[in-house]
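Geometric and topological summary
So you can see what is in the structure, the chains are spelled out below.
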Amino acid sequence: PGGIRLVVADNGVGFATGRRFGPSHQGLRNMRERATGLGGIIEIKSEARRGTRIIVIVPYVETADPGTTRMEEADT
């Protein structure tokens, strides 16, 4: 209640979630930063040859300006 939940899943090759990637691999880090920056959480589960499931939950908050999204407010 009061939140937005996004689930993205695939049945691809998967990857080691604890593995550190080089500077050219910033996707997971960027997702974590954006989720926490919006007061939310992110959960990443992946298994070799079984795929990946990413769940992001952020609180739903009305913005002061109906024409502005919460992401735009977070970027300022």
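Since we're looking at a predicted model, the values are computed, not measured.

With that settled, consider the overall build of the protein. The helix and strand inventory of the protein stands at two helices and three strands. Here the protein holds 76 residues, and the buried ones make up 18% of them. Long-range contacts, defined as pairs at least 24 residues apart, comprise 58% of the intrachain contacts of the protein with a sequence gap of at least 6. Only carbon and sulfur atoms are counted for the fraction: they give 53% of the accessible area of the protein, which is about 6000 Å².

Mapped onto the elements of the fold, Ile 4 is located in strand β1 (residues 3-10). On the accessibility criterion, Ile 4 (44% relative accessible area) is partly exposed. Along the sequence, Ile 4 and Ile 57 sit 53 residues apart, while their C-alpha atoms lie 5.6 Å from each other. Discounting residues that sit within four places of it in the chain, Ile 4 has contacts with Val 56, Ile 57, Val 58 and Tyr 60.

Once their charged atoms are close, side chains differing in charge can pair, the charge on each being opposite to the other. Under the criterion given, the structure shown has three salt bridges. The partner of Arg 50 in a salt bridge is Glu 47, with the nearest N and O atoms 3.9 Å apart. For Glu 47, a relative accessible area of 48% corresponds to the partly exposed category.

Grouped together as the largest cluster of nonpolar side chains are seven residues: Leu 28, Ala 35, Leu 38, Ile 44, Ile 54, Val 56 and Val 58. The set of elements that each furnish at least two residues to this core consists of α1 (27-37) and β3 (51-59). The dominant element in this core, judged by the number of residues it contributes, is β3, at three residues. Discounting chain neighbours no more than four positions away, the residues touching Val 58 are Gly 3, Ile 4, Ala 35, Leu 38 and Gly 40.

Cut-off values and rules
Residues numbered from 1 in each chain as written. Predicted model: local features only at pLDDT ≥ 70, side-chain atom pairs only at ≥ 80, totals over all residues. Heavy atoms only, no water. Helix = DSSP H or I, 4+ residues; strand = E, 2+ residues; numbered from the N terminus. Buried < 20%, exposed > 50% of the residue type's maximum accessible area, 1.4 Å probe, protein only. Contact = heavy atoms within 4.5 Å. Areas by Shrake-Rupley, 256 points an atom, 1.4 Å probe, with all protein chains shown as cover. Salt bridge = Lys/Arg side-chain N within 4 Å of Asp/Glu carboxyl O. Core = buried A, V, L, I, M, F, W, Y, C linked by side-chain atoms within 4.5 Å.

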